[in-house]
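# Geometric and topological summary
Now for the letters of each chain:
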Amino acid sequence: ALKPRLAAAYAMRGLAYGGLKSYRREIEECNKAIALDSKNYKYYLYRATAYRKLEQYQNAINDCNKALSLTAKAEPYIQRGHAYSGQHKFEKAVADYTTGIKITPQASIYLLRAHMYEHLGQYQKQILDLTAAAKINPKSAEAYEQRASVYYRLGQLQNAIADWKTATKLNS
């Protein structure tokens, strides 16, 4: 018999252990939650995060895949993208972040994908993603700061100065 309230208690206790950086204990608690309620995709994502913190990326990917079998939300794609990034599989991370953007176009996901483009040396795509992030969240200095750095790297100094001015203004 399912015990969703007890499962939730185990999951939340697991998150608390994660907050204490006790990731093995977090995994143990998530295992208990999943044993009681194997249909809650979030429990797999909580455990995936703990696996990722322990650099057990394949376990994290497996949990994200299970979560994807239970939901069509963006979260499992984002988490799996993090795991692929940890494995230095940046193209796979880009693919997952792209799917996440299609489901839920958030500035934070554009920033994540922009970081992957940086690893891949695809600076024009990185600029496009940072521009999209700034458009979605114009009060976030992070997109402007990162884009300024890319412009600087590419020798586009006037663009870099303009973005650093905007970032400085937003951080004041």
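Everything that follows concerns the structure shown earlier in this document.
Thresholds, definitions, all that
- Residues numbered from 1 in each chain as written.
- Predicted model: local features only at pLDDT ≥ 70, side-chain atom pairs only at ≥ 80, totals over all residues.
- Heavy atoms only, no water.
- Disulfide = S-S within 2.5 Å.
- Buried < 20%, exposed > 50% of the residue type's maximum accessible area, 1.4 Å probe, protein only.
- Helix = DSSP H or I, 4+ residues; strand = E, 2+ residues; numbered from the N terminus.
- Contact = heavy atoms within 4.5 Å.
- Phe/Tyr/Trp six-rings, centres within 6.5 Å; stacked < 30°, edge-to-face > 60°.
- Expected span 1.5 Å × (residues − 1).
- Salt bridge = Lys/Arg side-chain N within 4 Å of Asp/Glu carboxyl O.

### Examining the state of the cysteines
Taken as a whole, this structure holds 0 disulfides when the rule is applied. With no disulfide of its own, C30 lies 12 Å from the sulfur of C64, the closest cysteine sulfur. With a relative accessible area of 0%, C30 lands in the buried category.

### Quick look at the environment of A74
Within the fold, A74 resides in the loop between helix 4 (57-68) and helix 5 (75-86). With relative accessibility at 8%, the residue A74 sits in the buried group. Residues A74 and L15 lie 59 residues apart in sequence; the distance between their C-alpha atoms is 20 Å. Sequence-distant contacts of A74, that is, excluding residues within four places in its chain, are made with G100, I103 and T104.

### Topic: the packing of aromatic side chains
For the coordinates displayed, the defined rule picks out 2 aromatic pairs. With a centroid separation of 6.3 Å and an interplanar angle of 45°, the aromatic rings of Y43 and Y46 are classed as tilted. Placement of both Y43 and Y46 in helix 3 (residues 41-53) is noted, with a separation of 3 residues, approximately one turn of the helix. Judged by its relative accessible area of 5%, Y43 falls in the buried class. Judged by its relative accessible area of 22%, Y46 is partly exposed. When the ring of Y152 is compared with that of W164, the centres are 5.9 Å apart and the planes differ by 55°; the resulting orientation is tilted. In this pair, Y152 is assigned in helix 9 (residues 141-153) and W164 in helix 10 (residues 157-171), connecting sequence segments 12 residues apart.

### Examining helix 8 (residues 123-136)
Along an α-helix, a turn takes 3.6 residues, which lines up residues three or four apart on a common side. Taking 1.5 Å of rise per residue, the 14 residues of helix 8 would be expected to cover 20 Å, and the 20 Å separating its terminal C-alpha atoms lies within 8% of that figure. Looking only at helix 8, the buried set comprises Q126, I127, D129, L130, A132, A133 and A134. Against the buried residues of helix 8 lie helix 7 (107-119) and helix 9.

### Some thoughts on unusual backbone geometry
Here the phi dihedral of K21 falls at roughly 65°; this positive angle occurs in a residue that is not glycine. With respect to the helices and strands, the residue K21 is situated in the loop between helix 1 (4-19) and helix 2 (23-36). One non-glycine residue with positive phi stands out, namely E55, at about 60°. Mapped onto the elements of the fold, E55 is located in the loop between helix 3 and helix 4. The exposed category is assigned to E55, whose relative accessible area is 58%.

### So, the pattern of salt bridges
Following the criterion strictly, the structure yields 8 salt bridges and no others. A salt bridge links D129 to R113, with the nearest nitrogen and oxygen atoms 2.5 Å apart. Taken as a pair, D129 in helix 8 and R113 in helix 7 lie far apart in primary sequence, 16 residues in all. Residue classification places D129 among the buried positions, given a relative accessible area of 4%. Overall, R113 belongs to the buried group, its relative accessible area being 11%.

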